[in-house]
Amino acid sequence: MTALDEPQRQQLRARLAQRQAELLRELGQFQRDRLDIAAQEAGHEVIDQAEVAERREREDVGEAEASRDHDELVAVRAALARMDDGSYGECIDCGVDIGFARLSAQPAAARCLPCQEKAERR
């Protein structure tokens, strides 16, 4: 059990749930946008190479944003699962309490700062 008190846990759970909903909306919009673009392109022959390059660049940016959102959604869902099993707020590597200040800044944090820094160096 972590050092978080119940009001802190409730606050963090609400933030995680809100972020999960936002990410699901964003990913859903990305999928709808892709379908719209595909439908438009099906009836539109593109000849201008600059237009092709611009469209590809927009698609690449959209893909990168969707990938980032997906990764964050996975982390948020994992944090909510840790809340349910009682391990939220404990570092997944060393078991030390992560602390409310870090969790307030990054509610989906799974590691304490030293373990996070080690993981990022790998």
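Rules used throughout
- Residues numbered from 1 in each chain as written.
- Predicted model: local features only at pLDDT ≥ 70, side-chain atom pairs only at ≥ 80, totals over all residues.
- Heavy atoms only, no water.
- Helix = DSSP H or I, 4+ residues; strand = E, 2+ residues; numbered from the N terminus.
- Buried < 20%, exposed > 50% of the residue type's maximum accessible area, 1.4 Å probe, protein only.
- Contact = heavy atoms within 4.5 Å.
- Areas by Shrake-Rupley, 256 points an atom, 1.4 Å probe, with all protein chains shown as cover.
- Salt bridge = Lys/Arg side-chain N within 4 Å of Asp/Glu carboxyl O.
- Core = buried A, V, L, I, M, F, W, Y, C linked by side-chain atoms within 4.5 Å.
- Disulfide = S-S within 2.5 Å.

With that out of the way, let us pick up the overall build of the chain. When helices and strands are counted, the chain shows four helices and zero strands. Burial analysis of the chain (122 residues in total) assigns 28% to the buried set. The contacts in the chain between residues at least 6 apart in sequence include a share of 59% that link residues at least 24 apart. Surface summary for the chain: the accessible area is close to 8200 Å², and the carbon and sulfur share equals 51%.

Looking now at the pattern of salt bridges. Scanning all chains against the criterion turns up seven salt bridges. Residue Arg19 pairs with Glu72 through a salt bridge whose shortest N-O separation is 2.7 Å. One end of the pair, Arg19, is in helix H1 (residues 6–42); the other, Glu72, is in helix H2 (residues 49–85), with 53 residues separating them in the sequence. The partner of Asp69 in a salt bridge is Arg68, with the nearest N and O atoms 3.3 Å apart. Taken together, the shared-partner salt bridges connect Arg19, Glu22, Glu26 and Glu72 into one network.

What follows deals with the nonpolar core. Formed by 20 residues in total, the largest nonpolar core has its most connected members in Leu12, Leu16, Val76, Tyr88 and Leu103. Counting only elements with at least two residues in this core, the list comes to H1 and H2. Of all the elements, H2 adds the most residues to this core, at six residues. When near neighbours in sequence (up to four residues on either side) are disregarded, Val76 contacts Leu16, Arg19, Gln20, Leu23 and Ala108.

This paragraph deals with the state of the cysteines. The bond known as a disulfide is covalent and runs between the sulfur atoms of two cysteines. A full pass over the atoms with the stated rule returns zero disulfides. Its sulfur unpaired, Cys94 is 3.7 Å from the next cysteine sulfur, which belongs to Cys91. Looking at Cys112, it has no disulfide partner, and the nearest cysteine sulfur is the one in Cys115, 3.6 Å off.

What follows concerns the side chain of Asp69. Within the element layout of this structure, Asp69 appears in helix H2. In this view, Asp69 contacts Leu23, Glu26 and Leu27; residues no more than four positions away in its chain are not counted.

Below, the discussion takes up the environment of Glu65. Along the chain, Glu65 turns up in helix H2. The sequence separation of Glu65 and Leu27 amounts to 38 residues, and the corresponding C-alpha distance is 9.1 Å.

So far we have only geometry, and geometry alone does not tell us how the molecule works.
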